[in-house]
Amino acid sequence: MAGAPVLEVRGLSKRFADRAGREPASWVIKDLSFAVDEGEFLTIIGPSGSGKTTLLNVLAQIETASAGELFFQSRTTPVDDAKSLKPGLSCRIGYVTQEDNLLPWRTTLQNVLFPLLVQRRLDSETRARAQSLIRAVGLSGFENHYPHELSGGMRKRASLIRTLVYDPPVILMDEPFGALDAQTRAQLQEDLLRLWSLGRKTIVFVTHDIAEAIALGDRTLVLSRSPATLAGEHTNPIPRPRDIRGIMTHPQFAALYQRIRGEVQ
Amino acid sequence: MTNPEERLAMPKVAPIRSGQYAIIAGRIGLAVALLGAWKLGADTAGPLYVADPGMVLQRIISDTLSGSLVRHVYVTLRLSAMGFAVGCAFGVALPFLLRRMPRLTNAVEPYILASVGVPKYALVPLFILWFGIDDAPKLWLVGLLVFYPIFIAVFAGIRNVDRRLISMARVLGASEAAISREVIWNSLLPFFFAALKIALPRAVSAAIIGEFLVGNEGLGYMIEYSRQNLDTTGVFAGILVATALVLAINALLLRFDHRLNAWRPVDRHMEL
């Protein structure tokens, strides 16, 4: 299932501008290199505060990097100059952030249609796609609700399909299910795998939950405590389709869990 | 006969209702008391100092029927609306322009803040000198008095926009223009409406004061002309009509605010 690398970073380092009068800020990410293949579901795991969100912000081109190179579809894109950043690389990298970041004055449907609207791709075909995604994640009947009228899980679903609706080839996800209860979370993980198996996008999924990283990913990268460097890499042997709720009883789960556990500090 | 639950439920409901009636009764009582105080003041101080409320009402009716009051109201409203439109347009547009130029913003910010401190009414003689005695000096006065509260609120509103929503909109492919229109404008609407609540009554007040000083039409002119003729009833009629005008504008604004900000989860019971 793996193709050519679609996204690659080499020697990526990041530190934030030092505050006046303080010592230079310490590195958040130090010399990090990895590649993501086309159609791959890559999970990245690391302890809290290990620079996972910063890494995704750099990949999404919201933030600059201090050093290193970023290749997207074998082309170099500048990462150290704020002016030349292209957030989302012209809609080719989608980003589902930790907070849902829905626009509070737009209803569910209007939020899902928002990327199509600003990309001038709003027509009957894309509208129908939005409607089918709303149905697929169980938001039917809530199209005209405002975000504050939805539960946390519903908001997450809305923010997820807001990215899926414009079909970017690569999607970054930052602990999207972190703040949810176990039931909702398992449901959303199943939804995500189902949607992924239909479209086979490239997904970079960041989490601090080892079980989630194993349940979802083709491959798992382990980041060290700050500054983030690569502490380990594991190819996931558990075949698909997977049973998310029963993943822990899979014979190969325990060994993989233990190996990753040893590297996450 | 009555079970304990009913007996418990009764006092819970009753005080709320009687409380509401008490508020309404209090409001009516206060209105009667104020009118009474006005009447008493008129009777003790004499019609030269405090006009009789009945006479004022009569004057308002007769002036409305003769058409002169309608004309004055129209002139003042037109002046307020034009000055408001210009001041509001600049007050909204300038912060959006400055947003694109952070260095220029930092450079001019102290000057803008200093210019807030200039008493605008003190500039009227200059305006008359520069722009003559037609509508122009009054428009400048109204425009400036409207511009500042709106400019300051919109400027603060833009700085207060959630950066994450802007980043998210960029990733989703929104242009800078689309971000201004969608994310920033909607985020600052509450700030904008707070400013309107100050700016709209100010526009009418400024127009009236402008008319005190220049011109021969409008509510301000009517009030000042009545004063010069020792016609205190006319002064009171003018003030009453001006107050009613401002209250009507505020009521209109509140409706508009409710409609535009219907998505907001809070603040529905917290308006002024």
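Residues numbered from 1 in each chain as written. Chains lettered and ligands numbered in written order. Predicted model: local features only at pLDDT ≥ 70, side-chain atom pairs only at ≥ 80, totals over all residues.

### What to know about the overall build of chain A
- What chain A contains, in helices and strands, is 7 helices and 10 strands.
- Considered along the principal axes of its C-alpha atoms, chain A spans approximately 50 × 50 × 35 Å.
- Expressed as a percentage of the 265 residues in chain A, the buried residues total 41%. (Helix = DSSP H or I, 4+ residues; strand = E, 2+ residues; numbered from the N terminus. Buried ≥ 20, exposed ≤ 12 C-beta atoms within 10 Å, placed from the backbone.)

### Points about the sheet that holds strand β8 (residues 202–207) of chain A
Residues and elements named next belong to chain A.
- If you trace the 6 strands from one edge of the open sheet to the other, you get β6-β7-β8-β3-β9-β10, paired in mixed fashion. The open sheet has two edge strands with one neighbour each: β6 (93–96) and β10 (230–235). For this sheet, the mean angle separating the axes of adjacent strands, direction not counted, is 15°.
- Here strand β3 (residues 41–45) runs beside β8; their pairing, made up of 5 bridges, is parallel. Residue pairing across strands places T43 opposite F205, the latter belonging to β8. (Pairing = 2+ DSSP bridges. Axes fitted to C-alpha atoms, helices over the stretch in contact; angles between N-to-C directions.)

### A look at the confidence of the model for chain B
Residue and element names in this part refer to chain B.
- Here chain B averages 88 in pLDDT, and 90% of its residues register 70 or above.
- For chain B, per-element mean pLDDT is lowest for helix α1 (residues 4–45), which scores 78, and highest for helix α3 (residues 68–99), which scores 95.
- In the predicted structure, residues 267–272 sits below a pLDDT of 50 and forms 1 contact with residues beyond four places in sequence or in another chain.
- In the model output, the complex is listed with pTM 0.82 alongside ipTM 0.90. (pLDDT = per-residue confidence, 0-100. Contact = placed C-beta atoms within 7 Å.)

### Here we look at the domain arrangement of chain B
- By the assigned domains, chain B splits into domain 1 (1–45) and domain 2 (53–260).
- Distance from the C-alpha centre of domain 1 of chain B to the C-alpha centre of domain 2 of chain B: 37 Å. (Domains from an automatic or database assignment.)

### A look at the interface of chain B and chain A
- The partner chain A presents 18 residues to the 15 residues of chain B that form the contact.
- Breaking the side of chain B that touches chain A down by element, the ones donating at least two residues are α7 (163–171) and α8 (176–213) of chain B.
- With 6 residues, the top contributor of residues to the side of chain B that touches chain A is α7 of chain B.
- Across the side of chain B that touches chain A, the residue classes tally to 9 nonpolar, 4 polar and 2 charged. (Nonpolar A, V, L, I, M, F, W, Y, C, P; charged D, E, K, R; others polar.)

### Describing helix α5 (residues 182–199) of chain A
Residue and element names in this part refer to chain A.
- The terminal C-alpha atoms of α5, which comprises 18 residues, lie 26 Å apart, in line with the 26 Å expected from a rise of 1.5 Å per residue.
- For α5, the full list of buried residues reads L188, Q189 and L192. Buried residues in α5, looked at end-on, bunch into an arc of 105°, giving them a common side. Away from its buried face, by an angle of more than 90 degrees, α5 presents the exposed residues Q183, R194, S197 and L198.
- Taken together, the buried residues of α5 touch α4 (152–164) and α6 (210–216). (Expected span 1.5 Å × (residues − 1). Arc of directions from axis to C-beta.)

### Concerning the environment of A248 of chain B
Residues and elements named next belong to chain B.
- Here A248 lies in helix α10 (residues 232–260).
- A count of 10 C-beta atoms within 10 Å places A248 in the exposed class.
- Separated by 22 residues in sequence, A248 and S226 place their C-alpha atoms 24 Å apart.

### Looking at the sheet that holds strand β1 (residues 5–14) of chain A
Residue and element names in this part refer to chain A.
- Strand order in the open sheet made by the 4 strands is β2-β1-β4-β5, with antiparallel pairing throughout. At either margin of the open sheet sits one strand with a lone partner, and together these are β2 (29–37) and β5 (75–77). For this sheet, the mean angle separating the axes of adjacent strands, direction not counted, is 20°.
- In this sheet, β2 lies alongside β1 in antiparallel orientation, the contact comprising 6 bridges. In the strand pairing of β2, L12 is matched with L32.
- Packed onto the sheet, helix α1 (residues 52–59) meets β1 and β2 and runs at close to 120° relative to β1.

### Examining the packing of helix α2 (residues 108–118) of chain A against helix α3 (residues 124–136) of chain A
All names here are of chain A.
- Remark: α2 packs on α3, axes separated minimally by 10 Å, with the N-to-C direction vectors making an angle of 135°. The angle between α2 and α3 falls in the class oblique. Crossing handedness for the pair α2 and α3: right-handed. Contact residues: L109, V112, L113 and L116 in α2; T126, A130, L133 and I134 in α3.
- Classifying every residue of the contact of α2 with α3 by side-chain character gives 7 nonpolar, 1 polar and no charged. (Parallel < 35°, antiparallel > 145°, perpendicular 65-115°, else oblique. Left-handed = near helix turned anticlockwise from the far one by under 90°.)

### Considerations on the pairing of β1 of chain A
- Strand direction decides the pairing type here: β1 of chain A and strand β4 (residues 67–72) of chain A, joined by 5 bridges, are antiparallel. Residue pairing across strands places E8 of chain A opposite F71 of chain A, the latter belonging to β4 of chain A.

### Digging into the nonpolar core
- Counting residues in each nonpolar core, the largest one holds 118 residues, and the members touching the most others are L59 and L172 of chain A together with V142, V146, I150, A199 and A203 of chain B.
- Residue contributions to this core peak at 14 residues, all from helix α6 (residues 135–159) of chain B. (Core = buried A, V, L, I, M, F, W, Y, C linked by C-beta atoms within 7 Å.)

### Description of the confidence of the model for chain A
- When pLDDT is averaged along chain A, the result is 89, and 97% of the positions lie at 70 or above.
- Looking at the elements of chain A, mean pLDDT is at its lowest for β5 of chain A, recorded as 84, and at its highest for α2 of chain A, recorded as 96.

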